[in-house]
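Next come the chains, spelled out residue by residue.
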Amino acid sequence: MSRKQRLMKAALDLFQSSGIRNASIAKITEAAGMSKGSFYQHFDSKEALVLAVLDLYYETLFASPEEKENGRALLQARLKWEIDHALAHRTFIFELMSTYPLGGDHGITEAFQAHHAQVLTWRQSALLAAFGSSIESQLEDLSMLTDGILHSYLQQMLWHNRAYSPHDISEFIVSAAEALAGLDRPSLSTEKVTMEELHESCGRALTLCREKRTRELLNEILGQFQDGAPVWIVVDTLLEKAASLEKHSGIRELELQWVRWKGVQADD
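Residues numbered from 1 in each chain as written. Predicted model: local features only at pLDDT ≥ 70, side-chain atom pairs only at ≥ 80, totals over all residues. Heavy atoms only, no water.

Colleague: Would you mind showing me how to read the nonpolar core here?
Modeller: Across soluble globular proteins, nonpolar side chains have a tendency to be buried as a group. With 54 residues, the main nonpolar core has Phe 15, Ile 28, Leu 49, Val 53, Phe 92, Leu 96 and Leu 127 as its most contacted residues. If you list the elements that add at least two residues to this core, you get α1 (3-18), α2 (25-31), α3 (46-62), α4 (71-88), α5 (90-99), α6 (108-131), α7 (139-160) and α8 (166-181). For Ile 28, the residues in contact, after removing those within four places along its chain, are Leu 7, Ala 10, Ala 11, Leu 14, Phe 15, Ala 23 and Leu 49. Among the nonpolar cores identified, the runner-up in size contains 21 residues, and Ala 205, Cys 209, Leu 222 and Ala 243 belong to it. (Core = buried A, V, L, I, M, F, W, Y, C linked by side-chain atoms within 4.5 Å. Buried < 20%, exposed > 50% of the residue type's maximum accessible area, 1.4 Å probe, protein only. Helix = DSSP H or I, 4+ residues; strand = E, 2+ residues; numbered from the N terminus. Contact = heavy atoms within 4.5 Å.)

And the structure:
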């Protein structure tokens, strides 16, 4: 182990046992069996050391063993390891957030954001391994789902000492992602929906309809769109009736696009 690595290990141990504020440079170098002056041969400041320890935390996370029999098992194992790793470093994470609040005037926020982007990519590769390339259009939604559920449970476990099972949480998240991956629906988008896109969506739905009555209902909706000022309650009623007769991807896309369009009008 190099002298720099000894400093990082000693720092992490002290951050875990005593807290970041209480772990002075003198205490860190003493724990590493080095002189205080030698600290500055490797780090410019204590914050630089904290950043290095944070990097080490994520390096260890990504170095987890991954010989699994299938993609689903890989996804579950990565999620469980993420939880186990966080729990093993509970005090360090708590101290880090307390000492360096996100958004503050320090380098920790930027480092967290960069590492979180790496974690999302790491998880997305496991999602693709689990559910195949057919989910590429939904990958961002699935990534948001896994990230949101995972961090909600971690918050309860780290900050409120809730004793959930990492295995059960990871299996639950995989099952939730599996359910979403099995849905025939377009991905959510941050782009605003235009009236022209509603026209196109309705047209695609019409081409997939097999029932005459469904086509009649969609043509009435199309007429509302062509007027340029659709009556919301009318379109809602027509779309609900059409969906009760046929539930294919075209109608699901139209439902989602219509809801998004209404949301934009309400925001404006």
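Colleague: How should I be thinking about the layout of surface pockets in this particular structure?
Modeller: In this approach, a probe sized like a water molecule rolls over the atoms, and the result shows the empty space that is left. For the largest pocket, the calculated volume is near 520 Å³. Considering the residues around the largest pocket, the lining is formed by 23 residues, among which Tyr 58, Ile 93, Met 97, Phe 112 and His 151 are closest to the centre. Sorting the residues of the lining of the largest pocket by element identifies α3, α4, α5, α6 and α7 as the ones contributing at least two each. Of the residues forming the lining of the largest pocket, the biggest block, seven residues, is contributed by α6. When its residues are assigned to classes, the lining of the largest pocket shows 15 nonpolar, six polar and two charged. (1 Å grid on protein atoms, 1.4 Å probe; cavity = no way out; pocket = protein on both sides within 12 Å on 5 of 7 lines; lining within 4 Å. Points joined across faces, edges and corners; volume = space filled by probe spheres on them. Nonpolar A, V, L, I, M, F, W, Y, C, P; charged D, E, K, R; others polar.)

Colleague: Would you mind showing me how to read the packing of aromatic side chains here?
Modeller: Each pair of aromatic rings is reported with the distance of its centres and the angle of its planes. A full pass over the atoms with the stated rule returns 13 aromatic pairs. Both rings, one in Phe 39 and one in Phe 43, keep their centres 5.7 Å apart while their planes meet at 40 degrees; by these two values the pair is tilted. There is no split in this pair, since Phe 39 and Phe 43 are both buried. Taking the centre distance of 5.8 Å and the plane angle of 40 degrees together, the rings of Phe 225 and Trp 258 count as tilted. Of this pair, Phe 225 sits in helix α10 (residues 212-227) while Trp 258 sits in helix α12 (residues 249-267); the two residues are 33 residues apart in sequence, bridging distant segments of the chain. By the ring-pair criterion, three or more aromatic residues cluster together here, those being Phe 15, Tyr 57, Tyr 58, Phe 62, Phe 92 and Trp 122. (Phe/Tyr/Trp six-rings, centres within 6.5 Å; stacked < 30°, edge-to-face > 60°.)

Colleague: Help me understand the pattern of salt bridges, please; the structure alone is not making it clear to me.
Modeller: In a structure, side chains of opposite charge can pair up when their charged atoms sit close to one another. Applying the stated criterion across every chain, the model contains 11 salt bridges. As a salt-bridge pair, Glu 255 and Lys 247 come within 2.9 Å of each other at their nearest N and O atoms. (Salt bridge = Lys/Arg side-chain N within 4 Å of Asp/Glu carboxyl O.)

Colleague: Looking at this structure, how should I read the environment of Asp 105?
Modeller: One can find Asp 105 in the loop between α5 and α6. Residue classification places Asp 105 among the exposed positions, given a relative accessible area of 83%.

Colleague: Looking at this structure, I do not really get the packing of α4 against α6. What am I missing?
Modeller: A pair of packed helices is characterised by two quantities: the angle between their axes and the separation of those axes. Contact pair α4 / α6: the axes reach a minimum separation of 6 Å and the direction vectors enclose 150 degrees. With respect to α6, the element α4 is oriented roughly antiparallel. Contact with α4, carried on its side by Gly 71, Arg 72, Leu 74, Leu 75, Arg 78, Leu 79, Trp 81 and Glu 82, involves Val 119, Trp 122, Arg 123, Ser 125, Ala 126, Leu 127, Ala 129, Ala 130 and Phe 131 of α6 and no other residues of that element. Residue composition of the contact of α4 with α6, grouped by class: 11 nonpolar, two polar and four charged. (Axes fitted to C-alpha atoms, helices over the stretch in contact; angles between N-to-C directions. Parallel < 35°, antiparallel > 145°, perpendicular 65-115°, else oblique.)

Colleague: Can you help me understand the environment of Trp 261 in this one?
Modeller: Its place among the elements puts Trp 261 in helix α12. Given a relative accessible area of 9%, Trp 261 falls into the buried group. Expressed as a C-alpha distance, the spacing of Trp 261 and His 199, which sit 62 residues apart in the sequence, is 12 Å. Residue contacts for Trp 261: discarding those within four places in its chain leaves Val 193, Thr 194, Met 195, Leu 198, Pro 230 and Trp 232.

Colleague: Looking at this structure, how should I read α6?
Modeller: One turn of the α-helix equals 3.6 residues, which is why residues spaced by three or four share an orientation. An ideal rise of 1.5 Å per residue puts 34 Å on 24 residues; α6 measures up with 34 Å between its terminal C-alpha atoms. Taken as a whole, α6 has its buried residues at Ile 108, Thr 109, Ala 111, Phe 112, His 115, Val 119, Trp 122, Arg 123, Ala 126, Leu 127 and Phe 131. Contacts made by the buried residues of α6 are with α3, α4, α5, α7 and α8. Once α6 ends, the next one or two residues include Gly 132, with phi positive near 85 degrees. (Expected span 1.5 Å × (residues − 1).)

Colleague: Sorry if this is basic, but what is going on with the side chain of Gln 257 here?
Modeller: When you line up the elements, Gln 257 lands in helix α12. The exposure class assigned to Gln 257 is buried, which follows from its relative accessible area of 12%. A polar atom in the side chain of Gln 257 sits 2.6 Å from the side chain of Arg 260. Filtering out sequence-adjacent residues up to four positions away, Gln 257 remains in contact with Val 193, Glu 197, Leu 198 and Ser 201. (Polar contact = N/O pair within 3.5 Å; in protein donor to acceptor, adjacent residues only side chain to side chain.)

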